[in-house]
Amino acid sequence: MKASSVLGWLYLAALFVFVFAPIAASFVFSFNSDRFPTLPLGEFTTDWYARAFSRPEVWVAIGNSLIVAGVTSILSTIIGFATAYTDFRYGFRFKQAYLALALLPPTLPLVILGLAMLAWLSQVGISGTLTGIVIAHVVLATPFAMAICRLRLSQMDPALEAAAWNLGASQWTAMRYVILPFCAPAIVSALCLTAAVSFDEFVVAWFVSGLNRTVPVMILEILQGNVDPQINAIGTVVFITSMTLVIAAQFLIFRRRHDG
């Protein structure tokens, strides 16, 4: 094996350790009987999970996060697919500006985006509501759905839809029987990824959530002022949920590339 390959693998391993070591430590300490995260470890226990998930506010926050993530994923995927299809099918002036604006939100600092969403949602009277959180998360998550659907549509021969039209299919019929089946893996992948983005998102939700706290916002409130191992337990569940959605999205992306 070449030295460059060895260095590359070592760099990749170090990168994974750097990223996942804190997460692994949180997972380990969530089963540690000691209150403070120190070594050596205490006894194995699931008491922190029992305490965390016996709190009514935790279940309220989980319910809020699930509702927001579910609605956000559906709306973001619909809007993202429509935007990607517009790019795929039509040519028009200022198309590059249209795409740049559609992909802009994830490039903005989250604090700036959160402040802007708070100001706008306050003006329309829905700041501090689940509807406001959904709107903010849709703005943030839609570019991810658009990117996934756009990648899938770029692999499609545009002549397929034209052939369906020539055979008598209307635009809606061609959409139903040609475009949507071809894009189905991308659509499901976009649903999973945008749900994960919404479920994990903290900064924007912290600005606009008010009393309707999501799980990340609730974790911060528990953390303020004391060290509580229940955070490790809740964080572990959130991480597993998010990673499951992301892995599902990645699996669909890689499978569609292989099928394509």
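Structural data are supplied above this passage.
Residues numbered from 1 in each chain as written. Predicted model: local features only at pLDDT ≥ 70, side-chain atom pairs only at ≥ 80, totals over all residues. Heavy atoms only, no water.

Turning to the overall build of the protein, a few remarks are in order. Check the secondary structure of the protein and you find 11 helices and zero strands. The order of helices and strands in the protein, counted from the N terminus, is α-α-α-α-α-α-α-α-α-α-α. Seen through its C-alpha atoms, the protein measures out along the principal axes to roughly 70 × 60 × 30 Å. Considering the protein as a whole, with its 260 residues, one finds that 37% of them fall into the buried category. As presented, the protein carries roughly 14500 Å² of accessible surface, and 72% of it is formed by carbon and sulfur atoms. The distance from the centre of the 14 positive side-chain charges to the centre of the 12 negative ones in the protein is 13 Å. (Helix = DSSP H or I, 4+ residues; strand = E, 2+ residues; numbered from the N terminus. Buried < 20%, exposed > 50% of the residue type's maximum accessible area, 1.4 Å probe, protein only. Areas by Shrake-Rupley, 256 points an atom, 1.4 Å probe, with all protein chains shown as cover. Lys, Arg positive; Asp, Glu negative; His and termini not counted. Charge placed at Lys NZ, Arg CZ, Asp CG, Glu CD.)

Pairs can form between side chains of opposite charge whenever their charged atoms are close. With the rule as written, the count across this model stands at four salt bridges. Note that Asp87 is salt-bridged to Arg150, the shortest N-O span being 2.6 Å. A residue pair is termed long-range when its members are at least 10 positions apart, and Asp87 in helix α3 (residues 56–89) and Arg150 in helix α6 (residues 130–154) qualify at 63 residues. It is possible to trace a salt-bridge network through shared partners that takes in Asp87, Lys95 and Arg150. (Salt bridge = Lys/Arg side-chain N within 4 Å of Asp/Glu carboxyl O.)

Next up on the list: unusual backbone geometry. Residue Phe94 is not a glycine yet carries a positive backbone phi of 60°. Within the secondary structure, Phe94 sits in the loop between α3 and α4 (95–102). By relative accessible area, which is 60% here, Phe94 ends up exposed.

Counting 17 residues, the largest nonpolar core has Phe53, Val58, Val215, Met218 and Ile234 as the members making the most contacts within it. The set of elements that each furnish at least two residues to this core consists of α2 (47–52), α3, α10 (215–223) and α11 (230–259). Apart from the residues within four sequence positions on either side, Ile234 is in contact with Ala52, Phe53, Val58, Val215, Met218, Ile219 and Ile222. (Core = buried A, V, L, I, M, F, W, Y, C linked by side-chain atoms within 4.5 Å. Contact = heavy atoms within 4.5 Å.)

Structurally, Ser65 is set in helix α3. Sequence-distant contacts of Ser65, that is, excluding residues within four places in its chain, are made with Phe199, Thr214, Val215 and Pro216.

A cluster of nonpolar residues, Trp9, Tyr11, Leu12, Leu15, Phe16, Phe18, Val19 and Phe20, forms a patch on the protein surface that exposes about 880 Å² of accessible area. You can call Val19 partly exposed: its relative accessible area is 40%. (Patch = residues over 30% accessible without salt bridge, like charges linked within 9 Å, V, L, I, M, F, W, Y side chains within 5 Å.)

Another point: helix α8 (residues 171–200). Between its first and last C-alpha atoms α8 spans 37 Å; for 30 residues at 1.5 Å apiece the expected length is 44 Å, and the helix comes up short by more than 12%. The largest bend in α8 is about 55°, located at Ala184, with the proline Pro185 one to four residues further on. (Expected span 1.5 Å × (residues − 1). Bend = angle between axes of the 7 residues up to and from the residue.)

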